[in-house]
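Overview (structure and organization)
Each chain, written out:
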Amino acid sequence: MTSLGKLVFGDIHQRYIKDSSRRSLTQDDLSAEYTDSLSLAYENLLYMPMDIIETYGVTIDTLDISYNKFSRNLQFLLEFDHLTSLNLDHNIIDEHTVFPYMPQLELLWLNHNGINTLYPFIKNLCKSLPNLRYLCLMGNNAAPSYLNDGTSYDHLQYRLFVISWFPMLVHLDDSKVTADQRREARKLFKRPLFEDLLQHTIVPECVKHLHNRITNTLWGFDKRRKNLIV
């Protein structure tokens, strides 16, 4: 895996390498090793430098940009034509982040970000990344687990909800998706009629917003009610 280490600095316009005290990367530097994997972890990046996009956009299928400051502006990912694996651990992704459409992406790590609610984040993620096979959301408030003192019941409900959206998913967080979990997910979280209308019909934004608020409220109420029963 290639690492550009301390040489890479992204500026707010994504056009040049910052810090005049360091030499700029040349085309020869960036092309020294033709690779299908690239690591830009721990680079304090807010944006993807244009030099990197132009040099690696058509060559890599695995990108590690963990431990940076990427948030809601992820459109640069469209420039990586063959990306199948993406590590975004320890960034500032939240529930309002919408990924660009990337049907080729199969593995996504989003551990330890700022995702606080599952809906509509998971719905949007499903639309953008329909062929995900490996997904990890551990360390987010929306993903109850031993990492954030989530109960086993909440963890199971969260797990089944996510599985219900991704028909290709084979591994979620730290364990495989089983056939029993797949069946239970289909049973518990059938897509309602209005959800289908939202996906295939032009609906006013105010109606979508109201639907999302109601869904989140009912999702939380249902969890509390079932906890009382248990």
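Just above, that's the structure.
The rules behind each value
- Residues numbered from 1 in each chain as written.
- Predicted model: local features only at pLDDT ≥ 70, side-chain atom pairs only at ≥ 80, totals over all residues.
- Heavy atoms only, no water.
- Helix = DSSP H or I, 4+ residues; strand = E, 2+ residues; numbered from the N terminus.
- Buried < 20%, exposed > 50% of the residue type's maximum accessible area, 1.4 Å probe, protein only.
- Contact = heavy atoms within 4.5 Å.
- Areas by Shrake-Rupley, 256 points an atom, 1.4 Å probe, with all protein chains shown as cover.
- Axes fitted to C-alpha atoms, helices over the stretch in contact; angles between N-to-C directions.
- Parallel < 35°, antiparallel > 145°, perpendicular 65-115°, else oblique.
- Left-handed = near helix turned anticlockwise from the far one by under 90°.
- Lys, Arg positive; Asp, Glu negative; His and termini not counted.
- Salt bridge = Lys/Arg side-chain N within 4 Å of Asp/Glu carboxyl O.
- Polar contact = N/O pair within 3.5 Å; in protein donor to acceptor, adjacent residues only side chain to side chain.
- Phe/Tyr/Trp six-rings, centres within 6.5 Å; stacked < 30°, edge-to-face > 60°.
- Nonpolar A, V, L, I, M, F, W, Y, C, P; charged D, E, K, R; others polar.

**Observations concerning the overall build of the chain**
- Of regular secondary structure, the chain possesses 7 helices and 8 strands.
- The 230 residues of the chain split such that 46% are buried.
- For the chain, restricting intrachain contacts to residue pairs at least 6 apart in sequence, the fraction spanning at least 24 positions comes to 56%.
- Carbon and sulfur atoms make up 55% of the accessible area of the chain, which amounts to about 12,500 Å² in all.

**Remarks on the packing of helix α3 (residues 121-128) against helix α4 (residues 152-165)**
- Packing of α3 against α4 brings their axes to within 9 Å, and their N-to-C directions diverge by 30°. Judged on the interaxial angle alone, α4 and α3 are roughly parallel. The way α3 lies across α4 gives a crossing that is right-handed. Counting all contacts with α3, which are made through I122, K123 and C126, the residues of α4 involved are F161, V162 and W165.

**Some details on unusual backbone geometry**
- Following Y119, the chain continues into P120 via a peptide bond in cis, with omega recorded as 10°.
- Mapped onto the secondary structure, P120 falls in the loop between β5 (107-109) and α3.
- We note that N44 has phi near 60°; this positive angle belongs to a residue other than glycine.
- Looking at the secondary structure, you find N44 in the loop between β2 (37-39) and α2 (50-56).
- Even without glycine at this site, H90 takes up a positive phi of about 55°.
- Structurally, the position occupied by H90 is in the loop between β4 (85-87) and β5.
- When its relative accessible area of 29% is taken as the criterion, H90 is described as partly exposed.

**So, the side chain of R182**
- Looking at the secondary structure, you find R182 in helix α5 (residues 179-188).
- The side chain of R182 is buried and forms no salt bridge, while D180, the nearest opposite charge, is found at 11 Å.
- Among the polar contacts listed, one links the side chain of R182 to the backbone oxygen of I163, at a separation of 2.9 Å.
- Reaching out from R182, the side chain makes a polar contact with the backbone oxygen of F166 at a distance of 2.8 Å.
- If we ignore the near neighbours within four places in the chain, the residues touching R182 are I163, F166, P167, M168, L169 and V177.

**Observations regarding the packing of aromatic side chains**
- Per the stated rule, a full pass over the model turns up 5 aromatic pairs.
- Ring geometry for F70 against F76: centres 5.2 Å apart, planes inclined by 40°, an arrangement best described as tilted. As far as the burial class goes, F70 and F76 line up, both buried.
- Arranged with centres 6.4 Å apart and planes meeting at 70°, the rings of F161 and W165 form a pair that is edge-to-face. Of the two residues, F161 and W165 are both situated in helix α4; the distance of 4 residues between them amounts to about one turn of the helix. Considered together, F161 and W165 belong to a single accessibility category, that of buried residues.
- Every member of this aromatic cluster is reached through a ring pair, and the members are Y119, F161, W165 and F189.

**With respect to the packing of α4 against α5**
- Interhelical geometry of α4 versus α5 gives an angle of 85° and a closest axis separation of 8 Å. With respect to their mutual orientation, α4 and α5 come out roughly perpendicular. Along its contact with α4, which presents Q157, R159, L160, I163 and S164, the element α5 presents Q181, R182, E184, A185 and L188.
- Here the residues of the contact of α4 with α5 are counted per class, giving 4 nonpolar, 3 polar and 3 charged.

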